[in-house]
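If you want the building blocks of each chain, they are given just below.
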Amino acid sequence: MKTNLHNFYLKNSSFLDSFVYKTKHKSARRNILSVTLAIVIALFISFIIITSTGTRSEAFFYMIPAVFSDSEFAQNLCVQMCIYAVAALAFSFCMKVGIFNIGISGQMLAGASTAFLIILGAGWKDVAGGQILTILFSVIGATFVAIITGLLKIYFRVNEVVTGILLNWIIMYIVGAIVISNDKFIDTTAQSNGQFYSKQLDTSFALTQPGNFYGWLPALIITLVAIVVIWVILKYTVYGHKLRTVGNNLDAAKNFGYNKNLLQLSAFAISGVLSGILAVLVYTASMSPKLSFSSSGAFSLNSVPSQGFDGIAIGLISLNNPLAILLVSFVFSFPDAGAGPAGLASNTIQLVMGVVMYIVAIYTVLNYFKPWRYLIAKKYGKWNSDSYKKYENNIFELSEWFTFSVKKLVKHHEEQYLSEKVKTNNKFSLLALTMIYKISWFFIKNFDSEIKLEKTKLRNEYSLKREELLKKYRRSSVNSFIDFFSNQNNKQKEKNINSWKKYNQKFSRWITNDYFSQEEQEILNLKINNICNGLGKGV
């Protein structure tokens, strides 16, 4: 067991060290830990609240297995995850340029109503590629409203939060009035039963198809494509860099000559596109593809659809990271889809989200609280903080050396491999063969025995160098500890006598041949005896 753990550590130590000590990873590490802690605390508090109302505690833990107990519940889980993810993407994309798009619910409803009213009004049925038309019409309607919000924000200085809230209500009332006033749109049977629905779309225009409870597969494909596209845009394109620059530092963006207004307006437009896609998921991936006003208070229309606000919560919890959005959406889809099957109240998800949002509200405190440094200070003493920072930097430099060495090794073998395989003077053939063998090399490089052997040598060398750095750090820790107490007067020593007792036992174990020469050990032990004599008997 110990051998397996040691081998695992040797194989992955450089990656773990890079993640823990690399400067650009520290912020990501704090973010991941803080958000994870927020979710865990929220689930724990929600569990206490739910069980305190008399609900069986087993029901809370049954949410996850309950979802997979039936295909209907599992499909619902997938669709809810997709809805959360796309709603969060729509919000987060605007947040990248520093704009709080609270109007996602209204934009979503505008997109859905555009598609439904056109298709139902025209009476279309059994149209090939109808789902594409639904998405297209929905995107057009949602983007139009998003651009209006953007224009009011950018050119008329109207706060986007105020505009978004007002448009949410205006659009809902307009759509409700249009649907209820026209027999082409209103479901009269549901109306007679006190329910406010539009007529259903023909199945050729909906994501849900006969034989399925939900349109989970097309919803999942659309969501994954949207996440990948947004992630690539933000991380790897010049446009994404400009967006992030505008959001992080507006003055810097102006100095670079970026067109701030155009970038912000384009962010609104893309957010609108995502809101249109969200509308398709919400209203056509369910069991019945129709506009439902049930969550808006039916005929009273006293609340706007909640999906946009759920997206804001998920986006904030995910720190506006597209990949994190998918993971957090997956976590929060369980209380939504699993509450009913587990016998919990249907509003369990609202409770969990509400608690999480309160915790995320103090995210800054969690983000800048550094438990790692606190634990190091407790373990080695506050006087060793500088030594530890230097140790961090040295480990990071060593991990960078290892990464560079491995890349150089693989590149060298790749060049050898290509020189053996690609032998032609024709430029076109040279280009084509190079691409083909580069692709093949991508798959076979991990099975090359010579590369494996040389990587093992590099790992062993990395391990030895890391051990030397650890020894150097411990030497420095011992010296810092003794110097700290040697330079104190008797009153200060008496005040810190408990710290001396605690850390003297720890650091004395390091005054051995592994870290110090015989002469150095004698000098250090002499200093320790002098400090003990100064503190008195019993030390």
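Placed above this text is the structure.
Residues numbered from 1 in each chain as written. Predicted model: local features only at pLDDT ≥ 70, side-chain atom pairs only at ≥ 80, totals over all residues. Heavy atoms only, no water.

A separate point is the pattern of salt bridges. Should the charged atoms of two oppositely charged side chains come close, the side chains can pair. Within the structure shown, the criterion is met by 5 salt bridges. Linking Lys153 and Glu160 is a salt bridge whose minimum nitrogen-to-oxygen distance equals 3.1 Å. Its relative accessible area of 26% is what places Lys153 among the partly exposed residues. With a shortest N-O distance of 3.2 Å, Glu520 and Arg475 are connected by a salt bridge. Placement of Glu520 in helix H24 (residues 518-535) and of Arg475 in helix H21 (residues 449-486) is noted, with a sequence separation of 45 residues between them. Judged by its relative accessible area of 27%, Arg475 is partly exposed. (Salt bridge = Lys/Arg side-chain N within 4 Å of Asp/Glu carboxyl O. Buried < 20%, exposed > 50% of the residue type's maximum accessible area, 1.4 Å probe, protein only. Helix = DSSP H or I, 4+ residues; strand = E, 2+ residues; numbered from the N terminus.)

Membership of the largest hydrophobic core comes to 85 residues, with the highest contact counts inside it found for Val179, Leu278, Tyr283, Leu291, Ile314 and Phe332. Setting aside anything within four residues of it in sequence, one finds Tyr283 in contact with Met108, Leu109, Ala112, Phe116, Ser288, Pro289, Lys290, Leu291, Ser292 and Pro305. In terms of nonpolar packing, the next biggest core, distinct from the first, is built from 31 residues, Tyr380, Tyr462, Val478 and Leu524 among them. (Core = buried A, V, L, I, M, F, W, Y, C linked by side-chain atoms within 4.5 Å. Contact = heavy atoms within 4.5 Å.)

With that out of the way, let us pick up the environment of Ile83. Within the secondary structure layout, Ile83 lies in helix H5 (residues 71-95). Of the residues examined, Ile83 reaches a relative accessible area of 6% and is grouped as buried. Residues Ile83 and Gly311 lie 228 residues apart in sequence; the distance between their C-alpha atoms is 8.2 Å. The contacts of Ile83, once residues within four sequence positions are left out, are Leu278, Leu281, Val282 and Gln307.

Here we take up unusual backbone geometry. One non-glycine residue, Arg157, lies in positive phi territory at about 55 degrees. The topology assignment puts Arg157 in the loop between helix H7 (130-155) and helix H8 (160-180).

With that settled, the discussion passes to the side chain of Gln80. The residue Gln80 is located in helix H5 in this model. Judged by its relative accessible area of 18%, Gln80 falls in the buried class. Residues in contact with Gln80, not counting those within four places in the same chain, are Ser333 and Asp336.

A few words on the packing of H5 against helix H10 (residues 216-236). One can describe the packing of H5 onto H10 by two numbers: an axis separation of 9 Å at closest approach and a directional angle of 25 degrees. Classified by the interaxial angle, the pair formed by H5 and H10 is roughly parallel. Where H5 crosses over H10, the two elements pack in a sense that is left-handed. Contacts from Gln75, Cys78, Val79, Met81, Cys82, Ala85, Val86, Leu89 and Phe93 in H5 reach Trp216, Ala219, Leu220, Thr223, Ala226, Ile227, Ile230, Ile233 and Leu234 in H10. Grouping the constituent residues of the contact of H5 with H10 by class yields 16 nonpolar, 2 polar and no charged. (Axes fitted to C-alpha atoms, helices over the stretch in contact; angles between N-to-C directions. Parallel < 35°, antiparallel > 145°, perpendicular 65-115°, else oblique. Left-handed = near helix turned anticlockwise from the far one by under 90°. Nonpolar A, V, L, I, M, F, W, Y, C, P; charged D, E, K, R; others polar.)

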